Every structure is written in structure tokens, then in C-alpha cells.
Amino acid sequence: MQAAKELKELIDRLPPELLREVQDSVEFLLEKRARKPKRKPQFDWAGALRDLRDHYSSVEVQHKIAEWRIGGD
């Protein structure tokens, strides 16, 4: 817990107006970590375009996706 002790010492040296910013940052980090789901990724989308594999190559699909992203036709 050396890191925690060093952090506390640094926080103790901060002026009062910066303590609120530190508190906000710590609360944000805790909330951010709590929001992340702790589950295995789902691949239920796999094979969704199976019926198109005889019509388009993977490169053609990649190019089409790129067009969609930039708003092309």
C-alpha cells in the first residue's frame, strides 16, 4: 500500500480548491469501473451475413462499410 500512502501525502499538499477536483476525478473513475459489465463477449451476430458470402468477398464488404462511414454511395 505504498502507492496509497504516497497518493495521500500528495493529496494532503493540495490547496483546498483543488481537493474538489480530485474528489470528482476519483468518483468518476469509480463509477466508470462499476459500469463495465463483467461478462464474456457474445458472438450471436456471427454468421448473420452467411447468405451473402457467395455474392461478395470480404474485401468488397470492407469497402462498402468504408463508404457507409464516410457517407458515400
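In short, a report on the structure.

Quick notes on the rules
Residues numbered from 1 in each chain as written. Predicted model: local features only at pLDDT ≥ 70, side-chain atom pairs only at ≥ 80, totals over all residues. Heavy atoms only, no water. Helix = DSSP H or I, 4+ residues; strand = E, 2+ residues; numbered from the N terminus. Rg over C-alpha atoms; globule rule 2.2 N^0.38 Å. Buried < 20%, exposed > 50% of the residue type's maximum accessible area, 1.4 Å probe, protein only. Areas by Shrake-Rupley, 256 points an atom, 1.4 Å probe, with all protein chains shown as cover. Lys, Arg positive; Asp, Glu negative; His and termini not counted. Charge placed at Lys NZ, Arg CZ, Asp CG, Glu CD. Phe/Tyr/Trp six-rings, centres within 6.5 Å; stacked < 30°, edge-to-face > 60°. Salt bridge = Lys/Arg side-chain N within 4 Å of Asp/Glu carboxyl O. Patch = residues over 30% accessible without salt bridge, like charges linked within 9 Å, V, L, I, M, F, W, Y side chains within 5 Å.

### What about the overall build of the chain?
(1) Moving on: What the chain contains, in helices and strands, is 3 helices and 0 strands.
(2) Moving on: Counting from the amino terminus, helix and strand elements in the chain follow one another as α-α-α.
(3) Moving on: Relative to the 2.2 N^0.38 estimate, which gives 11 Å for 73 residues, the radius of gyration of the chain is 24 Å and therefore markedly larger than a compact globule would have.
(4) Moving on: Of all 73 residues assigned to the chain, the portion counted as buried reaches 0%.
(5) Moving on: Carbon and sulfur atoms form 58% of the exposed surface of the chain, whose accessible area is close to 7600 Å².
(6) Moving on: If you average the places of the 15 positive and of the 14 negative side-chain charges in the chain, the two averages end up 7 Å apart.

### Some points on the packing of aromatic side chains
(1) Moving on: Under the defined criterion, the tally for this structure stands at 1 aromatic pair.
(2) Moving on: Ring geometry for Phe43 against Trp45: centres 5.9 Å apart, planes inclined by 65°, an arrangement best described as edge-to-face.
(3) Moving on: The exposure class of Phe43 is exposed, given its relative accessible area of 53%.
(4) Moving on: For Trp45, a relative accessible area of 56% translates into the label exposed.

### Remarks on the pattern of salt bridges
(1) Moving on: Per the counting criterion, the structure on display carries 3 salt bridges.
(2) Moving on: For Asp24, the salt bridge goes to Arg20, with nearest N and O atoms at 3.2 Å. One end of the pair, Asp24, and the other, Arg20, are both in helix 2 (residues 16-35), 4 residues apart, so they sit about a helical turn from each other.
(3) Moving on: Between Glu67 and Lys64 there is a salt bridge, and its shortest N-O distance comes to 3.4 Å. A residue pair is termed a helical-turn pair when its members lie 3 or 4 positions apart in one helix, as Glu67 and Lys64 do in helix 3 (residues 58-70) at 3 residues.

### Quick notes on a positive patch on the surface
(1) Moving on: Together, Lys32, Arg33, Arg35, Lys36 and Lys38 line one region of the surface with positive charge.
(2) Moving on: Note that Lys36 resides in the loop between helix 2 and helix 3.

Nothing here speaks to function; it is geometry throughout.
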